[in-house]
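A structural walkthrough
Take a look at the letters that make up each chain.
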Amino acid sequence: MSDIDSTSQDSKSDASPSVAILHDRFPQIGGGEKFAIEAARTLNAPIYTMYVYPGTEIPDDVRVIPIKQEKYARGLSKHLLAWKNEGSNPFETLSVAIDMTDAHPDLTQYDVVLESAPLSKHYVPTVDQTIIHYPHSPPRWLYDLYRDRMESFDYPGVRFALKTYAKWWRALDKEANDFVDTFVANSELIRDRIQRYYHRDAKVVYPPVTGDWRNEGDDGYFVTWSRLAPEKRMPLLAEAFTELDERLVIAGDGAEREKLERIARGHDNIEVRGFVEDIESLVARSTGVVYAPVQEDFGLVGAEALMAGKPLLGVNEGFTKYQVEEGVTGELFESTVESIQETVQAFDPSNYDSDTIQERAERYSYESFQSGLWNAVCQTDEED
């Protein structure tokens, strides 16, 4: 018997399209991987992926089929095609894109292939297949972050080579759009990027917020959490609170943790907790959530804060600014210490209603995600 799930075959007999998820790779369980897993659950579909890096835990209720596990996760080639650098290894990126063109032979037997993440777009479908692409974002280093990335390389010869590589890769990226029937964006911001760079319309289906998000009162502290990576700008928040009386609890782990601990040293109002397994309970007793990422594509932290009924004090950029309705769901600040301090000092939690915030957050619910994804799959298949 082929790798096609029997449930997919049953769905065909019910006149529903058979669906497979194609996700580029599972180096860890990040936002893209979580989306692929929840999409598989919603659509009752298997996930095909180039490889699952050893140690990555896949939920028991989801079927993940690695296409070229030996090449990417074992042996000599593993060292050359290492997934480290979070997808910025040009050898691995190019190799995955090339291998995606034919991917797995059983994929041709599905009516609909839902592609998750940019590299899955390079799959070449059969004539009668429907391709739905959920890119999370067009590759940012090729488009909106292109100048920033190029300026980080000081040597003219290196910069010229990288510009040449980027121009060639941009052509490949756009060429693969010809295989896509429908684009689906994870936010209005990504919808606008798809329109700007690909000249294609996109439906918006927000990623689902899962977990036991709730409001259990106010114990008098602000909270923020995420991977402690530079683009999350946690040190900026910590610096702002060094001159405030309000408490800040920072949850998460990563490269910026030591820097955060140095900033917090000598300031009793700033606590760096590291990874917190029950983050929902920590948020439930907070005054509000502060969040200042660089041009966030979607911002799961912001959506989770609103699902908990907590006001979101967010940076005025990226999708975060779309999540904040000033005076209703939170307040916006600019990405400076002074602006954060002014916003926190002026903030009055009594002006916010938890029920109203949670009502606004319904668009991020699991039910909305399921409905939106099914509509995207079924409507696209009917149009074809």
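What you are looking at is a predicted structure, and each value in this text was computed from that prediction instead of being measured.

Describing the sheet that holds strand 9 (residues 247-251)
Pairing is parallel across the open sheet formed by 6 strands, whose spatial order is 10-9-8-11-12-13. Of all the strands in the sheet, the pair left with one neighbour each is strand 10 (270-274) and strand 13 (330-333). Going across the sheet, the axis of each strand differs from the next one's by a mean of 20 degrees, ignoring polarity. In terms of strand pairing, strand 8 (residues 221-225) meets strand 9 through 5 bridges, oriented parallel.

A few points about the packing of helix 9 (residues 234-241) against helix 14 (residues 337-346)
Their axes nearest at 9 Å, the elements helix 9 and helix 14 cross at an angle of 60 degrees. By the criterion of interaxial angle, the relationship of helix 9 to helix 14 is oblique. Crossing angle aside, the handedness with which helix 9 passes helix 14 is right-handed. Where helix 9 approaches helix 14, its residues L236, L237, E239, A240 and F241 are matched on the opposing element by V337, I340, Q341 and V344. Split into classes, the residues belonging to the contact of helix 9 with helix 14 amount to 7 nonpolar, 1 polar and 1 charged.

Side note on the packing of aromatic side chains
In total, this model carries 22 aromatic pairs according to the counting rule given. With a centroid separation of 5.0 Å and 10 degrees between ring planes, the pair formed by Y51 and Y72 is classed as stacked. On the criterion of sequence distance, the pair formed by Y51 in the loop between strand 2 (47-49) and strand 3 (64-66) and Y72 in helix 3 (residues 69-73) is long-range, its members being 21 residues apart. By relative accessible area, Y72 is classed as buried at 1%. Aromatic side chains Y165 and W169 sit 6.4 Å apart centroid to centroid with 20 degrees between the ring planes, which places their arrangement in the stacked category. Placement of both Y165 and W169 in helix 7 (residues 156-175) is noted, with a separation of 4 residues, approximately one turn of the helix. Taken together, the aromatic side chains of Y206, F298, F319, Y322 and Y364 make up a single cluster linked through ring pairs.

Things to note about the sheet that holds strand 4 (residues 112-116)
Paired through backbone hydrogen bonds, the strands of a sheet run either parallel or antiparallel to each other. Pairing in this open sheet of 7 strands is parallel, and the strands run 3-2-1-4-5-6-7 from one edge to the other. Where the open sheet ends on each side, the last strands, each with one partner, are strand 3 and strand 7 (202-204). The mean inter-strand angle of the sheet, taken between neighbouring strand axes irrespective of direction, is 25 degrees. Pairing between strand 5 (residues 130-134) and strand 6 (residues 182-185): 2 bridges, direction parallel.

Comments concerning helix 2 (residues 31-43)
For helix 2, built from 13 residues, the straight-helix expectation of 18 Å at 1.5 Å per residue is met to within 8% by its first-to-last C-alpha distance of 18 Å. Of all 13 residues that make up helix 2, 10 are buried, and the element is covered over most of its length. Within the sequence span of helix 2, burial applies to G32, E33, F35, A36, I37, E38, A39, A40, T42 and L43. The positive-phi residue at the C-terminal boundary of helix 2 is N44, with phi of around 55 degrees.

Side note on the side chain of S137
Along the chain, the position of S137 falls in the loop between strand 5 and helix 6 (146-151). Note on S137: relative accessible area 7%, which makes it buried. Polar contacts involving the side chain of S137 include one to the side chain of R193, which spans 2.9 Å. Not counting residues up to four positions away in its chain, the partners in contact with S137 are P118, I190, R193 and D297.

Examining unusual backbone geometry
Trans is the prevailing form of peptide bonds, just as negative phi is the prevailing case for residues other than glycine. The backbone of H136 sits at a positive phi, close to 70 degrees, despite the residue not being glycine. Its location among the elements puts H136 in the loop between strand 5 and helix 6. The backbone of R233 sits at a positive phi, close to 55 degrees, despite the residue not being glycine. For R233, the location among the structural elements is in the loop between strand 8 and helix 9.

Overview of the environment of R227
Relative to the elements of secondary structure, R227 occurs in the loop between strand 8 and helix 9. Taking C-alpha positions, R227 is 5.8 Å from G254, a pair spaced 27 residues apart along the chain. A distance of 3.2 Å separates the side chain of R227 from the side chain of E231, its partner in a polar contact.

Here's the deal with the nonpolar core
Of all hydrophobic cores here, the largest spans 54 residues; its most connected members are W225, I250 and Y364. Top element by residues in this core is helix 9. It accounts for 6 residues. Those residues within four positions of Y364 in sequence are excluded, and the remaining contacts are Y206, P207, P208, V209, F298, A303, L306, M307, F319 and Q323.

Considering the pairing of strand 8
In terms of residue burial, strand 8 counts as a mostly covered element, since 5 of its 5 residues are buried. Burial along strand 8 is two-sided: Y221, V223 and W225 facing one way and F222 and T224 facing the other are all buried. The parallel pair strand 8 and strand 9, bridged by helix 9, forms a crossover whose chirality is right-handed.

Remarks on the confidence of the model for the protein chain
Put simply, the protein chain has an average pLDDT of 89, and 93% of its residues get 70 or more. This model gives residues 1-13 a pLDDT under 50, and the stretch forms 30 contacts once residues within four places in sequence are excluded.

Criteria and cut-off values
- Residue positions within a chain follow its written sequence, with the count starting from 1.
- Side-chain atom pairs in this predicted model are given and counted only at pLDDT of 80 or more, local residue features only at pLDDT of at least 70, and totals for whole chains, interfaces and linings cover all residues.
- Calculation of side-chain values draws on the structure's entire complement of heavy atoms; hydrogens and water are dropped beforehand.
- Two strands are counted as paired when DSSP detects at least two bridges linking them.
- Helix and strand definitions here come from DSSP, where helices need a minimum of 4 consecutive H or I residues and strands a minimum of 2 consecutive E residues; each element is numbered from the N-terminal end.
- Think of each axis as a best-fit line through the C-alpha atoms, taken over the contacting stretch in the case of a helix, with angles from 0 to 180 degrees between the N-to-C directions.
- These descriptions rest on fixed angle ranges, namely under 35 degrees for roughly parallel, over 145 for roughly antiparallel, 65 to 115 for roughly perpendicular, and the rest for oblique.
- Helix crossings are classified by the rotation of the near helix relative to the far one: an anticlockwise turn of less than a right angle makes the crossing left-handed, while a clockwise turn makes it right-handed.
- Contacts are assigned to residue pairs that have any heavy atoms within 4.5 Å of one another.
- Think of it as three bins: nonpolar holds Ala, Val, Leu, Ile, Met, Phe, Trp, Tyr, Cys and Pro, charged holds Asp, Glu, Lys and Arg, and polar takes everything else, Gly as well.
- Between rings of Phe, Tyr and Trp, where Trp is taken as its six-membered ring, a pair exists when centres lie within 6.5 Å; planes separated by under 30 degrees are stacked, by over 60 edge-to-face, and by other angles tilted.
- The cut-offs for exposure are 20% and 50% of the maximum accessible area for each residue type, with area from a 1.4 Å probe on protein chains only; residues under the lower value are buried, those over the upper are exposed, and the others partly exposed.
- To estimate the expected span of a helix, subtract one from its residue number and multiply by 1.5 Å.
- In protein, a polar contact requires one atom able to donate a hydrogen and another able to accept it; more generally it is a pair of N or O atoms within 3.5 Å, and residues adjacent in sequence count only if both atoms are side-chain atoms.
- Here the nonpolar core consists of buried residues drawn from Ala, Val, Leu, Ile, Met, Phe, Trp, Tyr and Cys, with membership extended through side-chain atoms lying within 4.5 Å.
- If the strands point away from the viewer and the path from the first strand over the helix to the second runs clockwise, then the crossover is right-handed.
- A residue's pLDDT is the confidence the predictor assigns to it, expressed on a 0 to 100 scale.

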